[in-house]
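# Coordinates in review
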Amino acid sequence: MAISSNFPTTRPSLILDFQKSEVVDPRITFTRTSSATRFNQYGVLETVANNVPRIDFNPTTLLCNGLLIEEQRTNSIRNNTMVGAAAGTPGTLPTNWSTFTTLTGITTSVVGTGTENGITYIDFRLNGTPSASGGFDIYPETSNNVSALTGQTWSQAQYVRLAAGTTAGVTHVTPFIAENTSAGIFVRSNGGTSFTPASTALNVNRVTQTATLSGGATVGAIRPGLYINLTGAAIDITLRIGLPQLEQGAFATSVIPTTNAAVTRNTDFANITGTNFSSWYNASEGTLFTQAQDMSDAAHATSQPRVASINNGTNSAIDTSRAPASAQARARVDDAGVNQFNSLNTAWPLAAQAKIALAYKLNDSAACLGGTTVFTDNAITIPTVNTLTIGNYSSGGPNVWVGWIQRVVYYPVRLTNAQLQALTLT
């Protein structure tokens, strides 16, 4: 593809290309006060230690997604690594797990446990001829352990695939979140999207569900599960279930392994400051370019998750972001808490990769997403700043990015409007 004649000829003074380089620049200070998981370049899920950034890869294509940044989340399922399971017929389910059905004629077996592509799993077999059509439930948690209230939004996820046998006699499998009283008495159920288990690799078969609880004042706990719908015909199916997760939030995040208690993954935080910042930043004019992919949907509580923010640690900033509620891009210049520029309102759909360029100069600012309309402002002042924060605004708060950041590039000049369009053209 030919390069536009308007493409910038000025060399950037900072290039952070997480997707192409597949590494994190040593000038970045990174903190996360917990371990976390990512898929490596071979499609294998692995755990990285505290304060180690995650360059994450797509487990299907094995292409690099970029730097993974996420907000704090807790996996409320206490044992998603199958501790306590033992093979046999029926065998022993993992600690805290159980099953339920009113049907007879079904033999259940724990075939075994193991690890596939880094994902800890259990193989669970159903065979026989059910006494009638109906359902079989698999629960990875007890009925009253996870406290919850009406109005809260929760998400569950698990890897599920067909490990052996066939889906004959099984119409579908459905994830669900049951709303219970605090004593574990059933109130109502929230069913997710039904699916037919595939036999492809486990790492590409993560099933997710999100539900807002609506069972009323009696709701005090929730319980996730999988519902297997049976026709009444003979069955012989073995499901491989890996690393189930239940977290309060409007979307599922990366896997949080547990063994005997709920576990919290803390917020990712990255910045460049000191001489590592001043060596490339131009206080009088410049252009910030970012490329990122946001996974937080409209229900996300954060107001404006930042891709990158050039700031002073308080209320002065030059940054790019996405507003999940409106699914629009934002480009902003704030000077001592006074909004100088916030005009970019181009659509940025959920899970879409987007490029934004924000240029600034005294009384001359402009921004563009995806080579479309350039929004301008000719009455702005420039803040005094000293830090580049990646995936957040300043030192924290509710504006954490949730997704991948591919590139952050800085030009020490105010690029022209035509150059902004060429730079961001997809």
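Presented here is a report on the structure given in the accompanying data block.

### Regarding the packing of aromatic side chains
- Scanning the model with the defined rule gives 9 aromatic pairs in all.
- Seen in terms of ring centroids, tyrosine 139 and phenylalanine 176 are 5.8 Å apart; in terms of plane orientation they differ by 85 degrees. Their pairing is edge-to-face. Highlighted residues: tyrosine 139 in strand 11 (residues 134–139) and phenylalanine 176 in strand 14 (residues 170–180), separated in sequence by 37 residues.
- A relative accessible area of 10% places tyrosine 139 in the buried class.
- Since its relative accessible area comes to 7%, phenylalanine 176 is described here as buried.
- With a centroid separation of 4.9 Å and 70 degrees between ring planes, the pair formed by phenylalanine 277 and tryptophan 280 is classed as edge-to-face.
- A relative accessible area of 3% means that phenylalanine 277 is categorised as buried.
- By relative accessible area, tryptophan 280 is classed as buried at 4%.
- Just above the ring of tyrosine 121 sits the side chain of arginine 240; from NZ or CZ to the centre is 3.8 Å.
- Here the basic side chain of arginine 306 rests over the ring of tyrosine 393, its NZ or CZ set 4.9 Å away from the ring centre.

### Remarks on the sheet that holds strand 24 (residues 328–335)
- Read across the open sheet, the 7 strands follow the order 2-20-29-22-23-24-25; overall the sheet is antiparallel. Whereas interior strands pair on both sides, the edge strands pair on one side only; in this sheet they are strand 2 (29–31) and strand 25 (338–341). Strand after strand, the sheet turns through a mean of 25 degrees between neighbouring axes, direction not considered.
- Where strand 22 (residues 306–311) meets strand 23 (residues 317–323), 5 bridges bridge the pair, whose relative direction is antiparallel. If you follow serine 309 over to strand 23, its bridge partner there is aspartate 319.

### Concerning the environment of phenylalanine 30
- By the secondary structure assignment, phenylalanine 30 is in strand 2.
- Sequence spacing of phenylalanine 30 and isoleucine 272 is 242 residues, and the spatial spacing of their C-alpha atoms is 9.0 Å.

Each value, and the rule that gives it
Residues numbered from 1 in each chain as written. Predicted model: local features only at pLDDT ≥ 70, side-chain atom pairs only at ≥ 80, totals over all residues. Heavy atoms only, no water. Phe/Tyr/Trp six-rings, centres within 6.5 Å; stacked < 30°, edge-to-face > 60°. Helix = DSSP H or I, 4+ residues; strand = E, 2+ residues; numbered from the N terminus. Buried < 20%, exposed > 50% of the residue type's maximum accessible area, 1.4 Å probe, protein only. Lys NZ or Arg CZ within 6 Å of the ring centre and 35° of its normal. Pairing = 2+ DSSP bridges. Axes fitted to C-alpha atoms, helices over the stretch in contact; angles between N-to-C directions.

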